[in-house]
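Chain residues, written in single-letter form:
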Amino acid sequence: MERIATTSPVVTERPAEARPAIRVALSRLNDRILFALAAVALLVSLALPYWEMTLLAPQYPGGLKVAIYLGPRGLAGDVAEVNGLNHYIGMMKLEEAATFERAIAPFGIVALAAVAALAAAVRRRWTALLSVLAVLFPLIFLADLAYWLWYFGHHLDPTAALSSAIKPFTPPVLGTGRVGQFSVIARFGPGLYLAFAAALASALAIARRWQSSQRRVEVG
Amino acid sequence: MREPIRPNPPSDRRRKVSRRRFLGVLGAAASLPTAGALLGSCNVLQRKEAPKLGASAEEIIKQRQLTPEDVTAALMTYMPSGKYDEYLMFSSTGHGGQVLVHGLPSMRLLKVIAVFTPEPWQGYGYGGSPSKVLEGGSFRGRPLTWADTHHPALSETNGEYDGQFLFINDKANGRVAVIDLRDFETKQIVKNPLLVNEHGGCFVTPNTEYVLEADQYPVPLGGEYAPLSQYKEKYRGVLTFWKFDRQKGRIVPEESFAIETPPYWHDLADAGKGPSEGWAFWNSINTELAVPGILEGRPAMEMATTQRDMDYLHVVNWRKAEQVVAAGKYEEVQDFKLIRIETAVEEGLLYLIPEPKSPHGVDVTPRGDYIVVAGKLDPHVTVYSFEKIQQAIAAGQFDHDEYGIPILPFEQCLETQVELGLGPLHTQFDDQGYAYTSLFLDSAVARWALGKPYRDDGWKLVEKLPVHYNIGHLAAVEGDTAKPAGTFLVAHNKWSVDRFSLLGPLLPQNAQLVDIAPDRPMRLLYDSPIGIGEPHYAQIIKAERIKAWDVYPEVGWNPETQSVDPNAVLKVGEERIERRGKTVEIWGVLLRSQIRPDVVEVEEGDEVIWHLTNIERAKDATHGFALGGYNINLSLEPGETQTLTFVADMPGTFPFYCTEFCSALHLEMMGYFLVKPKR
């Protein structure tokens, strides 16, 4: 595999005005720094919530909050209270959701950060290619979350006290929903925003690495 | 002619009501011919009788005929929904045996703290763990279910309320209770083993080292029998210093001590602060040493105890008394450390100063430099200077009473006397150098100026405010501390006479809120009827000083030990029942909306030990646990664990259930306790 160098003296560039502006902009980016930033953002995201849900009802003036961390904190907030309320409609305990995904998530994120770091350190196309996983990661997270929200809302215990009063439903991934007297407000957490930032940085870095390697190929 | 039933207030409204009634009858009679017209005219008449209040403040003021003063008072006291009161008042309830907590300035009753009297809502005395606290206050092994609470005392740090603990006495039985202000629950009741009846408590030293308590009606030490003919020889007064362990939140009787006195009746007390820290002061009555005996021809006590012109202010050096006890110069009487009169005299622990006869309150000024004695039968307050008292002690020119206790010369200790009016009882202070004294016979509060260093225009009456009626104690915001707040004052009136709707011949007490802000006359703001006891003393604290829990800190919390109970069940599914011979032990949980386990079956005669944990973490998610027939009801607040022990000596089928409406399925939160009869 050929070695990539963005500022190779042998490159004879076409006049700038002849190239699309987006490619010009891309060419000003440093893929190593972008990958490094992605790695850092992913690691920091372990300490922050990925998804937050607030339940509002008249008798809970401060609301009830549940936050999902992919780091060691796991499920946080008023989990016991929310579980206690959910049992009336026959919903599973929050701890029972996505047990496999939550078990591997901390290792997965560390692995993704390691991949991004590798791409920053080793300036090859294959290292960049591996970082596609970091680009996909937040989308996978949201897809999995949506699945579990659907699963929870559609697997209510038929023997629960309020089972006949509640039709199967899907709590929102983002935005507001309503269950009984509760307004449910779902938000993306800062962890997820960092994961999105890491995905964007990785995507740009991959594109940049491709651009420079393309140019090198063109010239070569 | 017999008076008709009299609505309150009597004059105006009665006339109006009867006129309306008359019109109503007329209207009904006129419309008798058709039923429809009857209904219609009734509606019209009803509307006329109770006109809806207008939309604007002006209209309402006009319709309710409110004066500008009424409107100001309403604006100063109204508390919109969700807003908190700035101050909390802790009042005794007299022979109600409990403590009331009011919010100020709204005067809303926020809580009744169960102290000496069983109280089912709080599950106090109905089988659960708090029953042990009540049992701790037994009188020679006999359970008591009431008390005569008089003087609540908030714990202090550097002479200011610290919001941690509250103490209150029981006059009838000679007891003191400790309330923890993290959960507002009574933790301990101690019985004073030396006396039966008391009054001079609770008052705390400036850092709550000791809680003061003294007899009222003397008995022989320990309350044993002795004929009244031996009053002078056998009967004794007792000045008690209960040692308080703040860490444990308990009074430690083994480290407490008392000083024996002649059988003078001790009345109120206060602890010195600032320059007088380390000293304590008690008033006394009946230095005549009179005993009752109307049938034997002796005068009634009200006369017999008021023959001498002067009684004795007791001045006690408790710091030194502490050292005397540490040096072992005490006797164990009834397992309690007692300093005998002779030792107290020898060691210079106790001095007497003449005071106008049968005084009531003794109150130390905020800086600790003066001691104000209210005359009760004398229109003056008598102000003693602590500095002068010390000089008199140093000068050593003493008389002695017949028990050999030194009497300091009155004139040498006196700072001044201020004439206030009839029946001065108790004094509180503000932050402007004013003192406030209740005048029982005048039914008024007197505002008077303290002298230097408080004010240059001092030692004189400023104004009096009528209150309704027969004021006893009064409480100003932090008004007995080193830093009074000087915003509000509450007059605790013994009689309400015509202030409230009549509800039979037992009338409520009247707690009246008074504005004492500086630079304007005092004004009456609000009447708060007290329908569950007779408040004596009260203390008012800034609400921010109290750091109460909203739920217990951890699941499985035992409020008695203030730590997690080893018998708590921390998770649903871990509840269980074990049988060991004739003992059945249950580890249960409560949560919305289940009591687990929900079936407990025992044999008649089995001992039942039932641990119950409310595993909730939500604020206000309290569960009750009621077992009908067995006189059992617990209140399990979020996180709380209690243990219930009883003998299942009554066979039958007993539903148990949650008594605190907790959830939509609260009614379903039940189970059965089955007691199989013996064959």
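So, how was this worked out
- Residues numbered from 1 in each chain as written.
- Chains lettered and ligands numbered in written order.
- Predicted model: local features only at pLDDT ≥ 70, side-chain atom pairs only at ≥ 80, totals over all residues.
- Heavy atoms only, no water.
- Helix = DSSP H or I, 4+ residues; strand = E, 2+ residues; numbered from the N terminus.
- Rg over C-alpha atoms; globule rule 2.2 N^0.38 Å.
- Areas by Shrake-Rupley, 256 points an atom, 1.4 Å probe, with all protein chains shown as cover.
- Lys, Arg positive; Asp, Glu negative; His and termini not counted.
- Charge placed at Lys NZ, Arg CZ, Asp CG, Glu CD.
- Patch = residues over 30% accessible without salt bridge, like charges linked within 9 Å, V, L, I, M, F, W, Y side chains within 5 Å.
- Salt bridge = Lys/Arg side-chain N within 4 Å of Asp/Glu carboxyl O.
- Buried < 20%, exposed > 50% of the residue type's maximum accessible area, 1.4 Å probe, protein only.
- Contact = heavy atoms within 4.5 Å.
- Phe/Tyr/Trp six-rings, centres within 6.5 Å; stacked < 30°, edge-to-face > 60°.
- Lys NZ or Arg CZ within 6 Å of the ring centre and 35° of its normal.
- Core = buried A, V, L, I, M, F, W, Y, C linked by side-chain atoms within 4.5 Å.
- Pairing = 2+ DSSP bridges.
- Axes fitted to C-alpha atoms, helices over the stretch in contact; angles between N-to-C directions.
- Disulfide = S-S within 2.5 Å.
- Buried area = accessible area lost by both parts, 1.4 Å probe.
- Polar contact = N/O pair within 3.5 Å; in protein donor to acceptor, adjacent residues only side chain to side chain.
- Nonpolar A, V, L, I, M, F, W, Y, C, P; charged D, E, K, R; others polar.
- Expected span 1.5 Å × (residues − 1).
- Bend = angle between axes of the 7 residues up to and from the residue.

Draft legend 1. Up close: the overall build of chain B. Along the backbone of chain B there are eleven helices and 46 strands. Here chain B has a C-alpha radius of gyration of 29 Å; the compact-globule value for 679 residues is 26 Å, and the two agree. Seen through its C-alpha atoms, chain B measures out along the principal axes to roughly 90 × 80 × 55 Å. Carbon and sulfur atoms provide 54% of the accessible area of chain B, an area that totals close to 29800 Å². Side chains of chain B carry 69 positive and 90 negative charges; the gap between the two charge centres is 7 Å.

Draft legend 2. The arrangement of a nonpolar patch on the surface in detail. Residues and elements named next belong to chain A. Where nonpolar side chains cluster on the molecular surface, the patch consists of L129, V132, L136, L139 and I140 and spans about 440 Å² of accessible area. It is helix α6 (residues 132-154) that provides the largest number of residues to the nonpolar patch, a total of four residues. Assignment of secondary structure puts L129 in helix α5 (residues 125-130).

Draft legend 3. Representation of helix α3 (residues 79-86) of chain A within the structure. All names here are of chain A. For α3, the tally of buried residues reaches six of eight residues, placing the bulk of the element in the interior. Of the residues making up α3, those classed as buried are V79, E81, V82, N83, L85 and N86. Packed against the buried residues of α3 are β1 (49-57), β2 (60-69), β3 (75-77) and β5 (182-188).

Draft legend 4. Local environment of the pattern of salt bridges. Residues and elements named next belong to chain B. In the structure shown here, the tally under the stated rule is 37 salt bridges over all chains. Here E331 and R340 are joined by a salt bridge, their closest N and O atoms 3.0 Å apart. Notably, a salt bridge pairs R447 with E463, separated by 2.9 Å at the nearest N-O pair. Of this pair, R447 sits in strand β28 (residues 444-449) while E463 sits in strand β29 (residues 460-466), and the two are 16 residues apart along the sequence. You'll find R447 and E463 in the same group, each marked buried. Put simply, E160, E478, K483 and R545 are held in one network by salt bridges that share partners.

Draft legend 5. Here's a closer look at the packing of aromatic side chains. Residue and element names in this part refer to chain B. Taken as a whole and assessed by the stated rule, the structure comprises 41 aromatic pairs over all chains. Between F241 and W282 the ring centres are 5.7 Å apart and the planes differ by 90 degrees, which places this aromatic pair in the edge-to-face class. Residue F241 is found in strand β11 (residues 235-245), and its partner W282 is found in strand β15 (residues 279-285); the two are separated by 41 residues along the sequence. You'll find F241 and W282 in the same group, each marked buried. An aromatic cluster is present here, built from W610, F625, Y630, F646, F654, F656 and F673 joined pairwise through their rings. Here R447 stacks its cationic end above the ring of Y434, 5.2 Å away from the centre of that ring.

Draft legend 6. How the structure looks around the nonpolar core. Residues and elements named next belong to chain A. L42, Y50, W51, L70, F137 and F141 are the most contacted members of the largest nonpolar core, which totals 57 residues. Where this core is concerned, the elements lending two or more residues are α2 (31-45), β1, β2, α3, α4 (99-121), α6, β5 and α7 (190-219). Counting residues per element, this core draws most heavily on α6, at eight residues. Residues in contact with L70, not counting those within four places in the same chain, are L46, Y50, A105, P106, I109, F137 and F141.

Draft legend 7. Here's a closer look at the sheet that holds strand β6 (residues 175-180) of chain B. All names here are of chain B. Pairing is antiparallel across the open sheet formed by four strands, whose spatial order is β4-β5-β6-β7. Each edge of the open sheet carries a strand with a single partner, namely β4 (153-157) and β7 (185-191). Neighbour-to-neighbour, the strand axes of this sheet turn through a mean angle of 30 degrees, independent of strand direction. As defined by bridge partners, strand β5 (residues 160-170) adjoins β6 across six bridges and the pair is classed as antiparallel. Note that in β6 the partner of F167 across the bridge is V178.

Draft legend 8. Broad picture of the state of the cysteines. Residue and element names in this part refer to chain B. Applying the stated criterion across every chain yields a total of zero disulfides over all chains. The structure places no disulfide on C658, whose sulfur is separated from the nearest cysteine sulfur, that of C662, by 4.0 Å. Overall, C658 belongs to the buried group, its relative accessible area being 1%.

Draft legend 9. Seen up close, the interface of chain B and chain A. At the junction of the two partners, chain B supplies seven residues and chain A supplies six residues. For the chain B and chain A pair, buried surface summed over both sides reaches about 470 Å², with 49% attributable to carbon and sulfur atoms. Sorting the residues of chain B by area buried against chain A places R592, A618 and L665 of chain B first, and these three jointly supply 72% of that buried surface. Inspection of the chain B/chain A interface yields one salt bridge. E81 of chain A serves as the salt-bridge partner of R592 of chain B, at 2.5 Å between the closest nitrogen and oxygen. At the junction of chain B with chain A, the criterion picks out four residue pairs in polar contact (both at pLDDT 80 or more). Considering only residue class, the side of chain B that touches chain A consists of two nonpolar, three polar and two charged.

Draft legend 10. View of the environment of E288 of chain B. Residue and element names in this part refer to chain B. Tracing the chain through its elements places E288 in the loop between β15 and α7 (301-304). The class for E288 is buried, based on a relative accessible area of 18%. Distance from E288 to L75, taken between C-alpha atoms, is 52 Å for residues 213 residues apart in sequence. Non-local contacts of E288, meaning those with residues more than four positions away in its chain, are made with A304, T305, T306, Q307, R308 and D311. Within the structure, the side chain of E288 is placed 2.8 Å from the backbone nitrogen of R308, a separation counted as a polar contact.

Draft legend 11. Just the sheet that holds strand β31 (residues 488-493) of chain B, in detail. Residues and elements named next belong to chain B. As summarised here, the arrangement of the four strands in space is β30-β31-β32-β33, forming an open sheet in which the pairing is antiparallel. The open sheet has two free edges, formed respectively by β30 (471-476) and β33 (523-530), since each of these has just one partner strand. Here the strands of the sheet are splayed against their neighbours by 20 degrees on average, with no regard to which way each runs. One ladder, built from six bridges, connects β31 with strand β32 (residues 509-515); its direction is antiparallel. For A491, the partnering residue across the bridge sits in β32 and is Q512.

Draft legend 12. View of α4 of chain A. Residues and elements named next belong to chain A. Between the first and last C-alpha of α4 there are 34 Å, a value that for 23 residues agrees with the 33 Å anticipated at 1.5 Å per step. Bending of α4 peaks at approximately 45 degrees at the position of A105, with proline P106 no more than four residues after it. Every buried residue of α4 is listed here: A105, I109, L112, A113, V115, A116, A119 and A120.

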